[in-house]
Amino acid sequence: MKITSAEFVKSALAPAHWMADGRPEVAFLGRSNVGKSSLINSLLMRKGLARTSNTPGRTQSINYFLINDSFYFVDLPGYGYAKVSKSMRADWGKMAERYLSKPEGLVLCIQLIDSRHNPTDQDLQLNEWLLANDKPSVVVATKADKLSRTQLQKQLKSTTQVLGSREILPFSSETGLGREKLWGEIQTAVNQSA
Ligand code: GTP
Ligand code: MG
């Protein structure tokens, strides 16, 4: 896809501030620090558009980016940050479920899992929820550049099994691995909704 424009639109804390203009939305989901904001920047080839950080839990609100004036990338807060309280964790689940259950707009959920580790319980829960609720979704294994080719293949194979044989797309924001393939999935989802 040719990106003619990509701009940060807004950061929304409350559902009342969520976008509702009918444009398709592609949501990025995954645990804190998994590389959501980096992946968005990598897809858009804009280095600092989505704020990235070494401090987990950086993205607290829902951030909207408008692409080519026609669809949104939605950067959701990360889950599973160990230092947040139990009630904050429950809040994440409620917020995510509410956002993901919106009747309109959402055309694709991109679930990010760290390629170096086995999926966490929350990764599995989210994955099951997406499947059980028939949400169109893709699973991406991030930070693939941090593993050797052999390690990556091994990890992809075991994660695929754990997730019930879903195809997992290896991705690296550093090298651009997986970029074209993921854009293909996004383009298909956006076009289908048109
Ligand atoms: P929250 O907003 O806190 O939920 O985190 P996030 O999922 O948006 O992660 P972010 O993109 O901020 O990345 C977290 C850290 O991982 C940063 O230090 C990034 O530079 C690093 N990182 C992200 N993607 C990659 C990647 O593909 N390769 C490597 N080597 N590092 C990455
Ligand atoms: Mg982020």
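Just above sits the structure.
Everything quoted here is computed from the prediction, not taken from an experiment.

Participant: Would you explain the side chain of Asp-123 in this entry?
Facilitator: Within the secondary structure layout, Asp-123 lies in helix H3 (residues 121–132). For the buried Asp-123, which has no salt bridge, the nearest side chain bearing the opposite charge is Arg-31, at an N-O separation of 5.0 Å. For Asp-123, the contacting residues outside a window of four places in its chain are Arg-31, Tyr-79, Gln-111, Leu-112 and Ile-113.

Participant: Whenever I open this one, the nonpolar core confuses me. Can you help?
Facilitator: General note: in soluble globular proteins, nonpolar side chains tend to be found buried as a group. Core analysis: the largest hydrophobic core is formed by 27 residues, its most contacted members being Val-26, Phe-28, Leu-43, Phe-73, Ile-110, Leu-182 and Ile-186. Mapped by element, the contributors of at least two residues to this core are strand S2 (25–30), helix H1 (36–44), strand S3 (62–67), strand S4 (71–75), strand S5 (106–114), strand S6 (137–142) and helix H5 (179–193). In terms of residue count, H5 provides more of this core than any other element does, 5 residues in total. Ignoring any residue separated from it by four or fewer positions in sequence, one finds Leu-182 in contact with Leu-39, Leu-43, Ile-110, Val-138, Val-140, Leu-169 and Phe-171. With 22 residues, the next largest nonpolar core counts Met-19, Val-74, Tyr-79 and Cys-109 among its residues.

Participant: Where do I start with the pattern of salt bridges in this structure?
Facilitator: Where charged atoms from two side chains of opposite charge come close, those side chains can pair. Under the counting rule described, the total for this entry stands at 7 salt bridges. Note that Asp-114 is salt-bridged to Arg-116, the shortest N-O span being 2.9 Å. For Asp-114, a relative accessible area of 5% puts it in the buried group. Of the residues examined, Arg-116 reaches a relative accessible area of 29% and is grouped as partly exposed. The network of salt bridges with common partners includes Asp-21, Arg-23 and Asp-69.

Participant: Explanation requested: the side chain of Ser-172 in the structure shown.
Facilitator: Tracing the sequence through the fold places Ser-172 in the loop between strand S7 (168–170) and H5. The exposure class assigned to Ser-172 is buried, which follows from its relative accessible area of 0%. At a separation of 3.1 Å, a polar atom in the side chain of Ser-172 contacts the main-chain amide nitrogen of Glu-174. At a separation of 3.0 Å, a polar atom in the side chain of Ser-172 contacts the main-chain amide nitrogen of Thr-175. Residues contacting Ser-172, with those up to four places away along its chain left out, are Ser-42, Ala-144, Asp-145 and Leu-177.

Participant: How do you make sense of the environment of Tyr-64 when you look at a structure like this?
Facilitator: Following the sequence through the fold, Tyr-64 ends up in strand S3. Sequence separation between Tyr-64 and Pro-170 is 106 residues, and the spatial gap between their C-alpha atoms is 24 Å. When sequence neighbours within four positions are dropped, the list of residues in contact with Tyr-64 reads Glu-7, Phe-8, Val-9, Lys-10, Ala-12, Trp-18, Met-19, Glu-25, Tyr-72, Phe-73, Val-74 and Tyr-99.

What counts, and where the lines are drawn
- Residues numbered from 1 in each chain as written.
- Chains lettered and ligands numbered in written order.
- Predicted model: local features only at pLDDT ≥ 70, side-chain atom pairs only at ≥ 80, totals over all residues.
- Heavy atoms only, no water.
- Helix = DSSP H or I, 4+ residues; strand = E, 2+ residues; numbered from the N terminus.
- Buried < 20%, exposed > 50% of the residue type's maximum accessible area, 1.4 Å probe, protein only.
- Lys, Arg positive; Asp, Glu negative; His and termini not counted.
- Salt bridge = Lys/Arg side-chain N within 4 Å of Asp/Glu carboxyl O.
- Contact = heavy atoms within 4.5 Å.
- Core = buried A, V, L, I, M, F, W, Y, C linked by side-chain atoms within 4.5 Å.
- Polar contact = N/O pair within 3.5 Å; in protein donor to acceptor, adjacent residues only side chain to side chain.

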